[in-house]
Every structure is written in structure tokens, then in C-alpha cells.
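# Residue-level structure breakdown
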Amino acid sequence: MAGILFKNVGKTYPGMGGTKAVRDFNLAVEDKEFVVIVGPSGCGKSTTIRMVAGLEDITAGEIFIGGRCINHMEPKERDIAMVFQNYALFSHMTVFQNMAFGLQQRRTPKAQIAEKVRKAAEILEIVPLLQRKPGALSGGERQRVALGRAIVRDPAVFLLDEPLSNLDAKMRAAMRAEIAKLHQRLGATFLYVTHDQIEAMTMGERIVVMQAGEIQQVDTPENLYLNPCNTFVAGFIGSPPMNLGEGAVTKQGDGFALEIGGVRFELPRARFPEETLAGYAGREVVWGLRPENIFPEFFYAGEADHLTGRPVLATTQAVEGEVFLSEMTGADTYLHVRIPGKDVICRVSSGLRHRQKGKLKLIPDLSRLVLFDQDSGRNLRDAV
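Now for a look at the structure at hand. Remember, predicted model here, so these are calculated numbers, not experimental data. (Residues numbered from 1 in each chain as written. Predicted model: local features only at pLDDT ≥ 70, side-chain atom pairs only at ≥ 80, totals over all residues. Heavy atoms only, no water.)

## Details of helix α1 (residues 45-53)
- Summarising burial for α1: seven of the nine residues are buried, a large majority.
- Listed as buried for α1 are K45, T47, T48, I49, M51, V52 and A53.
- A positive phi of about 90° marks G54, the residue just after α1. (Buried < 20%, exposed > 50% of the residue type's maximum accessible area, 1.4 Å probe, protein only. Helix = DSSP H or I, 4+ residues; strand = E, 2+ residues; numbered from the N terminus.)

In C-alpha cells, the structure reads:
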């Protein structure tokens, strides 16, 4: 078993009163799990993974790998392998020599080194590159070599710190799939750090979202996307991110409504029961909707009949706005619409004959609506 357990882990740098890079970090990574730590630059994610690797001292708390506390272990004793952003390959060595270097330092027999390097090269499909030097390789090939150097060590835990950030968009997409397949094939524990939330969403079995040294939410990609715990996660996860705006909760009969842009929308009780909204009547809240959950009114006007079906929404009430930008990204088009007091983005099929500019009415899918406390930013469903 080679899970990773963080117990109240913290990192404070001396000077200037002590900069707290990581605060009270608690997380259990299961054996063979693929966990991604994601967040903006400076949030403490790289510091966290470097503490696991032994490249940073732990100021507070404890880290365990496979049940052993590693706080005071040397990096070579931790049974981990790390893949860095800059690959850290020796330019004067061949691919074979780079991959074999760590094993040679451990005085592994030559025959065993050759076998391990060959197997790793076959897995990564870089056998023809073994006699080349890094200067003759593309960025993607160098990344494969860096991964191969980690694989030959046969570690219990793989630590990957922004490994794809130096690659172009096409190569990043290809390497995301390769790393995911590698995890399945090796059956090892992967802890992966990135600032790219698309990488996090497509690769992680669970995702840890960090901000200012603290964990904001730990969840599956689906739950992070559909039910962010606060406005930071809502605005960080998703591309484009969730639309966020201000609205007023009002009592309406024996239920509640939300006023957006001068239009009052009845809130579905299945999603917002009495106990969730108790105490919020007459108060401002922050509402959130993903771009695909805001529908242009023309979707119901016969212009989408070539599609297989139409969504069934809890309301057909609409708020009026004006399209000021249309972005076609291929199969989808993002319409930027200005409604009273807020600009929102809605996603439509590029096959629809939508207006590029001009007036437009928008219908929200209230079954996907998320409401947040205006002061704390917390999801109201978690605050009860």
C-alpha cells in the first residue's frame, strides 16, 4: 500500500514575519489513486508536492507514505519519483543514460538496468530514441524521457509538478492522455500539480483546489463542476468559468424566487428546499450558472429542430440582454450577452442560426442554478 496522508501540514518561510505558503493541509490520497492539486500561481500547490518529495522542509504537521512518516526521511528513502516542469535531463547524456542514471547511482546491476530501461522505453514508445541526446528531441519526446526516468525506479508514488507546461496545446492534449494511460498501466499512486484546470478535470480521479495556501474543495471532477463549494471554485473551474452575478431572494407563496435583471424566477423546491433558503428572504445572494445552462430564447423558436431534442426547463421566463461578442470554437459558439447589471456567457451549437449581435432573451436552467452567500462566498447548500 502506498497512499499519501497529510495531517495538518503547513509550510512557513522565514523573513517578513513568516510567509505561510501552505496552511493546515489535510488530505488522504488512496493507494493507486490519481489526485490532482490545482490552483492559481502562488497558491502553495508546488510547495506541497515538494514537501512530499523532500525538497522542502515541513514546518508543521506530518506526511505519511504507505503508513510511514516521512518528515525526516531523505528523499531517496521515500520510494517516490518526481517529474519536473523543466524535465531536468542531462544534455551530455543519451536518452538511455538519462533513464539509467538513477539506477546506476543505486549500483543496480547493468543487466537489470538495461532491462528496466528497455521496458520503460517500450511503454512510452521511445525505443528508437535511446541513443539520441536531449538536444535532438522535441518537447514531447523530452517529456517522455523524463517520465521514463521515473518509471525505471519502480516507485510507489509518482509526483508530477507542472510536467506539461512547456508543451504546445496539441502536445499537451496528447500527453494528458498518455499520462492517464500510464497511470492505469503502472497501478501506482499519482500526485499531480498543475495550474491548468482543464488538465485537472480531464486527468484527476479527485481534484484538490487550492487558494492562498489552503484547500478550498476536494472532490470528483463532476462534483467540482456542478456543485462548487464557493465562488472561488465556481470561477476557477470550467472554461469558460461559471457565470456569477448578484440577485435577490424573495418569498413567493410557500416557496422562494430569485430576481435577476428585473425578472423574478421561481426557485425549484427540489434543488432549494426551505431549510436551504431559510433566513435569505429579502437578502442579496450570488447566483451561478454554467454557460451551457443559459439558453437563448430562439432555442425554442424552431431554429433548433435539427437537434435530437430540447432541454426541459423549469421555467420559460426570460431575461433580456444584448449580444456584444460571438466566439466560435468549433462545434460550440460562446455568446457574450450583456444583461442588466451583468455580462454573461452562454454556449450554443455552432450549427444554430443565432444572431451575431443584437437583442436576445435568455432562459436559465434553474435545475442547475447554484446560490452562494454574498459575504462568505459559500454554496448555500453547504451552509445549512
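## A closer look at the pattern of salt bridges
- A full pass over the atoms with the stated rule returns 15 salt bridges.
- A salt bridge links E199 to R172; the shortest N-O distance between them is 2.4 Å. In this pair, E199 is assigned in helix α6 (residues 197-203) and R172 in helix α5 (residues 169-186), connecting sequence segments 27 residues apart. For the pair formed by E199 and R172, the shared burial category is buried.
- When the shortest N-O distance is used, the salt bridge between R347 and D332 registers 3.9 Å. Here the residue R347 occupies a position in strand β18 (residues 342-349), and D332 occupies one in strand β17 (residues 332-339), the gap between them amounting to 15 residues.
- Of the residues examined, R347 reaches a relative accessible area of 32% and is grouped as partly exposed.
- A relative accessible area of 26% places D332 in the partly exposed class.
- Connected via shared salt-bridge partners are E115, R118, K119 and E122. (Salt bridge = Lys/Arg side-chain N within 4 Å of Asp/Glu carboxyl O.)

## Thoughts on the sheet that holds strand β11 (residues 243-252)
- Across the sheet, which stays open at both edges, the five strands sit in the order β13-β12-β11-β14-β20 with antiparallel pairing between neighbours. Because the sheet does not close on itself, it has two edges, and the strands there are β13 (263-266) and β20 (370-373). Put simply, the sheet's adjacent strands are angled 40° from each other on average, direction ignored. (Pairing = 2+ DSSP bridges. Axes fitted to C-alpha atoms, helices over the stretch in contact; angles between N-to-C directions.)

## Notes on the side chain of T108
- When you line up the elements, T108 lands in the loop between α2 (95-105) and α3 (110-124).
- Taking relative accessible area as the criterion, T108 reaches 17% and is therefore assigned buried.
- Of the polar contacts made by the side chain of T108, one reaches the backbone oxygen of L103; its length is 3.0 Å.
- Setting aside anything within four residues of it in sequence, one finds T108 in contact with L103 and I113. (Polar contact = N/O pair within 3.5 Å; in protein donor to acceptor, adjacent residues only side chain to side chain. Contact = heavy atoms within 4.5 Å.)

## As for the sheet that holds β17
- Judged by pairing direction, the sheet is antiparallel, and its five strands sit side by side in the order β15-β19-β16-β17-β18 without closing on themselves. The sheet is open, and its two borders are formed by β15 (294-296) and β18, each paired with just one other strand. In this sheet, neighbouring strand axes are inclined to one another by 45° on average, regardless of whether the strands run parallel or antiparallel.
- Here five bridges tie strand β16 (residues 319-328) to strand β19 (residues 358-364), and the two strands are oriented antiparallel to one another. Residue V323 lies in a different strand from β19, and its bridge partner there is G358.

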